[in-house]
Amino acid sequence: MDDVIVVRNLRKEFKAYSSRSGLKGAFRDLFTRNYKIVPAVNNISFRVKQGEMVGYIGENGAGKSTTIKMLTGILTPTSGMVSVNGMDPHKEREKFVQTIGVVFGQRSQLWWDIAVQESFRLLKKVYKVSDAQYNEHMDHVIKSLDIEPLLDKPVRKLSLGQRMRCELAAALIHNPPLLFLDEPTIGLDVLVKLKIREFLKEINKKYNTTILLTTHDLSDIEALCERVIMLDEGRIIYDGSLRNLKDQWGEGKEIQFQFIEEAQLLDLERLTSGLGAKWSKDEKDRIFIAHIEDNDDKVSQLISIVVSSYKIKDIKVNEVSTEEIIRNIYERGIL
């Protein structure tokens, strides 16, 4: 498979201005400003193959959106090399935009006061899509995203969930081989998120569409991406499979118990003291939680000991969530 995105030693610096203190300082600022150079993206390199769905994650200010803006040609890199669909996004702008779709969760590409379908028609002309191509492709997109009832409405009358489904459809009018999604499900309810995720899986399977997804919602990543690239302070700190990330940093299993009778944390800790389990209690739901290493024998022993000592109402065995793993990585700086 060919590389759709190639990034080598990519860097983007910004000037950060600071004000001097006091009246004299303010007067001097009128003539000369103090500034320092801040790298938003700091010498990163990665490749994405055709058909991959990659999660690009990091905390606020890590450099995710700056990277996406360079990959889509909105920002020019300070240094380094970017090739997307075999082109330089900044230098070959007109030809390049025909080969990508972009959805920014915080910005709209639809015209606010006109009906959704009028926006679609305008974008169809911009991308030089023929009637036959449009009808064949967009009939499927409109049905899959369930936006047919919205086509006659002006964008300003749509709810956030309705608008985001229309934004996604708009990004796909020219059926691009590469889709950039920057926080596409921000603020959406669960049902809309599920519909968008199912649709993205479908177009990836049907057209082999490559998807680069930045999001704070890690359930999006778990549902869609096998590979994650993790950014911290402008540098890549992890690039690999989501499965490997969980295996390496998952730190075991979480076993939840609900008891019919009263139970005490101290008694549970004493009963299971030889297994290295850490116990906690969710007071609201009266659930006792044992954290234990991912070892089948130890998990089985712990359950056996607890079940033989207490009457059980409910029991669940969970892996530690991706969200928790990633939070631990950032808090401890373990990569």
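Residue indices begin from 1 for each chain and proceed along its sequence in written order. Reporting in this predicted model follows two pLDDT cut-offs: at least 70 for local features of residues, and 80 or more for side-chain atom pairs to be given and counted; totals over whole chains, interfaces and linings ignore these cut-offs and use all residues. The side-chain quantities take in all heavy atoms of the structure and omit both hydrogens and water.

Under an unreviewed UniProt entry, the chain has the name ABC transporter related protein and belongs to Bacillus methanolicus PB1.

Taken domain by domain, the chain holds domain 1 (3-13 + 44-247) and domain 2 (252-319). Boundaries between domains were set according to an automatic or database domain assignment. Spacing between the C-alpha centres of domain 1 and domain 2 amounts to 42 Å.

Definition of nonpolar core: a set of buried residues of the types Ala, Val, Leu, Ile, Met, Phe, Trp, Tyr and Cys, connected through side-chain atoms within 4.5 Å. Here's how the labels work: a residue is buried when its accessible area is under 20% of the maximum for its type, exposed when over 50%, partly exposed in between, all with a 1.4 Å probe on protein chains only. Ranked by size, the top nonpolar core spans 50 residues in total, and within it F120, L168, L179, L200 and L245 carry the most contacts. The dominant element in this core, judged by the number of residues it contributes, is helix α6 (residues 160-171), at 6 residues. The contacts of L179, once residues within four sequence positions are left out, are G101, V102, L168, A171, L172, L200, I203, T209, T210, I211 and L212. Put simply, DSSP H or I for four residues or longer makes a helix, DSSP E for two residues or longer makes a strand, and each gets a number counted from the N terminus. Note on contacts: a residue pair qualifies if any of its non-hydrogen atoms lie within 4.5 Å across the two residues.

To obtain an axis, a line is fitted to C-alpha atoms, over the contacting stretch when the element is a helix, and the angle between two such axes runs from 0 to 180 degrees between their N-to-C directions. Running from N to C, helix α5 (residues 131-144) and helix α7 (residues 190-207) cross one another at 150 degrees; their axes reach a closest spacing of 10 Å. Relative to α7, the element α5 is oriented roughly antiparallel. Along this stretch, α5 crosses α7, giving a crossing that reads as right-handed. Between α5, through H137, H140, V141 and S144, and α7, the contact on the second element is made entirely by K195, F199, E202, K206 and Y207. Asp, Glu, Lys and Arg are counted as charged, while Ala, Val, Leu, Ile, Met, Phe, Trp, Tyr, Cys and Pro are counted as nonpolar; the rest, among them Gly, fall into the polar class. Each residue belonging to the contact of α5 with α7 can be placed in one class, and the counts come to 3 nonpolar, 3 polar and 3 charged. Note on terminology: angles under 35 degrees are roughly parallel, angles over 145 are roughly antiparallel, angles of 65 to 115 are roughly perpendicular, and the others are oblique. Take the far helix as your reference; a near helix turned counterclockwise from it by less than a right angle gives a left-handed crossing, and one turned clockwise gives a right-handed crossing.

Here we come to the side chain of T215. The residue T215 is located in the loop between β7 (210-214) and α8 (218-224) in this model. Residues adjacent in sequence count toward polar contacts only when both atoms are side-chain atoms; beyond that, a polar contact is any pair of N or O atoms within 3.5 Å, and within protein one must be able to donate a hydrogen and the other to accept it. In this structure the side chain of T215 is engaged in a polar contact, spanning 3.5 Å, whose partner is the side chain of D220. With residues up to four places along the chain from it excluded, the contact list for T215 reads Y56, I57, E183, T185, D220 and I221.

Spatial ordering of the open sheet is given by β11-β12-β10-β13, a layout of 4 strands whose pairing is antiparallel. Since the sheet does not close on itself, it has two edges, and those belong to β11 (278-282) and β13 (312-319), each with one partner. Here the strands of the sheet are splayed against their neighbours by 20 degrees on average, with no regard to which way each runs. We call two strands paired when DSSP finds no fewer than two bridges between them. Relative to strand β12 (residues 287-292), strand β10 (residues 253-259) runs antiparallel, the two being bridged by 5 bridges. Note on β12: the bridge partner recorded for K253 is I292. In the packing of helix α11 (residues 296-309) onto the sheet, the strands contacted are β10, β11, β12 and β13, and the crossing angle to β10 comes to about 10 degrees.

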